[in-house]
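The chain contents come next:
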Amino acid sequence: MNQRMQASIRLAKIFIVAILATAAFFTFSMERDATFEHEVVWSVPFGDVQSLQVIDLDGDGSDDVYAQNRSAFSVFSGSGDPLFGQELDAPMSLTMGDPDGDGGENVVAFLPAGRVRAFEGARELWSVTLANVADPARSAVIRFGSGTQVVVGDMGGQLVGLNGATGAELWRAQLSGSSEARGLDDVMVDGDRILVAANRNGTVVAYGPTGASLWSASTNGLRRMRTFDADGDGASEVYYGGEGGTVYVVDTDGLPLWSGRIGQQVVEIRDGEIDGDPISREILVGGRDGGVFAFSASGTLLWSESMGQRVSDMRAIDLDGDGADEAVVGGERGGFTVFAGRTGKRFPVDIHSGPVASIDEGFLTETDQVVVAAGPNVSVLQIERRNAPFFYSPLVAGLLLSLAVAGAAVFIGSLPEKQSARVVVTDSSPEGLLARRRMLFENIADVEGLRSKGDIEGSMALNKLENLREQLAETDQELRQAGVKISMESRKCPNCAGRVRLGSDRCDYCGEVVIS
């Protein structure tokens, strides 16, 4: 193996190690390229949806799809067959729960003129008419420790508590100011539940089962309020945000826990298992300008991205079964985007359905299906992650590049070595030959000087010296033929035929002892 081949292989090894290390780093530390693809399992016409939920409403043990628009609600089986529904007066507020405590889910409708109706399937359980209430704004079924109640809130911020089994009025309360009720939810406190209500002005108030106020908080222009137990301590937290672009979090006593700025109006808040660590849940926040934000249970911003249009609804759903939920987000202009839970990486999904009104998920025909109300339809989608083939990975690219480097090294090393430059003097007269001889002696002295100082590699110096001594021997031969008497300066090594200086007892090239 010649010196060029050795040098080429050494250099190739350095490049290959660097290439493979870099490729391995990107392969194992970065998320593989992927897409989320969808298949429409079934779709039914039901437009202008205001509320959508996957829930068992017919009591058969299987999930159904509940959809409500401005003047009606319909319930579809898990396979898309219509089960029952009702045409009702608009405007209205509908909610679901078990108001009569029989273990089945029912629909409760808060209608104009103070009318409240509860349905078990297509059958009406009870109906009452409330005096002195404004148009419907919000409704909820709250399971207080003392009994289940239906609580309704009107456009003037008035709240009314009703007996869940009969509809009888139990209490009334007025939120501060006269703006519409924007949120009704319950929180768990020491194994019991209390009601938390909020209005558009930004007033948030907690109530007990008799309508007595427990605490209050406020913000500037409330747009969304939710309650979750994100930190897993058994007590829910209250999350609310609005026009000021800040998410606020308070505990069950109304004391502030943390707040987070998102720089745009808050339009939606959801919880989910975003980071894959089940010790706590994380919070998703959607903004009016399309921002999507993930916060930890303690308020740390995990990531922020944008879908490019106002967020209309969002859910946390584990689409790929890796233990971390993806953020499934719909937009008011028809955008539908999946954000990877751990990183926030954006994956647009083209569902071709129109503006997205509402999203939910559940087990209908298969597990983790996504239900979307978009445009004129309610559709069930099967969304799955498709990873890029393994040969698209940086490691495979690194292996191919390494093979190319190795091939180039072998090719370069196998090229014939370029002959060393020789001292050429065209004058063949004795004087010219003597001048050439003196020049060769000077070159030999220069190379030996560089070699002794370590300025030139040993093997390279020996190659140069061998070449110069060959030229010197040829010059001496020409001088003797020209009749010029000169003393011999070197002779051939009997072992390797290399030139050995006279007076030296060892060959510089093969290391053998030479007897003069």
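Our subject in this report is the structure included herewith.

## Let's talk about the sheet that holds strand 25 (residues 301-306)
Hydrogen bonds between backbone groups are what pair the strands of a sheet, and the pairing can be parallel or antiparallel. Strand order in the open sheet formed by four strands is 22-23-24-25, and the pairing between neighbours is antiparallel. Of all strands in the sheet, those with a lone pairing partner are strand 22 (266-272) and strand 25, marking the two edges. Averaged over all adjacent pairs, the angle separating strand axes in this sheet is 15°, with direction ignored. Relative to strand 23 (residues 282-287), strand 22 runs antiparallel, the two being bridged by six bridges. When the sheet's bridge partners are listed, Arg-270 is paired in strand 23 with Leu-284.

## Things to note about the packing of aromatic side chains
Per the counting criterion, the structure on display carries ten aromatic pairs. Geometrically, the ring pair formed by Tyr-240 and Tyr-248 is stacked, given 5.6 Å between the ring centres and 25° between the ring planes. Between Trp-303 and Phe-339 the ring centres are 6.1 Å apart and the planes differ by 25°, which places this aromatic pair in the stacked class. Of the two residues, Trp-303 sits in strand 25 while Phe-339 sits in strand 28 (residues 336-339), which places them 36 residues apart along the sequence. On the basis of relative accessibility, which here comes to 6%, the residue Trp-303 falls in the buried class. Residue classification places Phe-339 among the buried positions, given a relative accessible area of 0%. Each member of the aromatic cluster is reached from another via a ring pair, and the members are Phe-228, Tyr-239, Trp-258 and Phe-295.

## Structural notes on the nonpolar core
Residues Leu-319, Phe-336, Ile-351, Val-370 and Val-372 are the most contacted members of the largest nonpolar core, which totals 18 residues. Taken together, the elements giving at least two residues each to this core come down to strand 1 (34-45), strand 28, strand 30 (356-362), strand 31 (369-374) and strand 32 (377-387). The greatest single-element share of this core, amounting to three residues, is contributed by strand 31. With residues up to four places along the chain from it excluded, the contact list for Ile-351 reads His-38, Phe-336, Val-356, Val-372, Ala-374 and Leu-381.

## Describing the environment of Leu-255
Position of Leu-255 among the secondary structure elements: in the loop between strand 20 (246-250) and strand 21 (256-261). Once the C-alpha coordinates of Leu-255 and Glu-305 are considered, the two residues, 50 residues apart in sequence, prove to be 30 Å apart. Not counting residues up to four positions away in its chain, the partners in contact with Leu-255 are Val-249 and Val-250.

## As for unusual backbone geometry
In this model, Ala-90 is joined to Pro-91 through a cis peptide bond whose omega is -5°. For Pro-91, the position within the fold is in the loop between strand 5 (82-87) and strand 6 (93-97). Here Asp-48, not a glycine, exhibits a phi torsion of approximately 55°, which is positive. Tracing the sequence through the fold places Asp-48 in the loop between strand 1 and strand 2 (51-55). Classification of Asp-48 as exposed rests on a relative accessible area of 66%.

Scoring rules and cut-offs
- Residues numbered from 1 in each chain as written.
- Predicted model: local features only at pLDDT ≥ 70, side-chain atom pairs only at ≥ 80, totals over all residues.
- Heavy atoms only, no water.
- Pairing = 2+ DSSP bridges.
- Helix = DSSP H or I, 4+ residues; strand = E, 2+ residues; numbered from the N terminus.
- Axes fitted to C-alpha atoms, helices over the stretch in contact; angles between N-to-C directions.
- Phe/Tyr/Trp six-rings, centres within 6.5 Å; stacked < 30°, edge-to-face > 60°.
- Buried < 20%, exposed > 50% of the residue type's maximum accessible area, 1.4 Å probe, protein only.
- Core = buried A, V, L, I, M, F, W, Y, C linked by side-chain atoms within 4.5 Å.
- Contact = heavy atoms within 4.5 Å.

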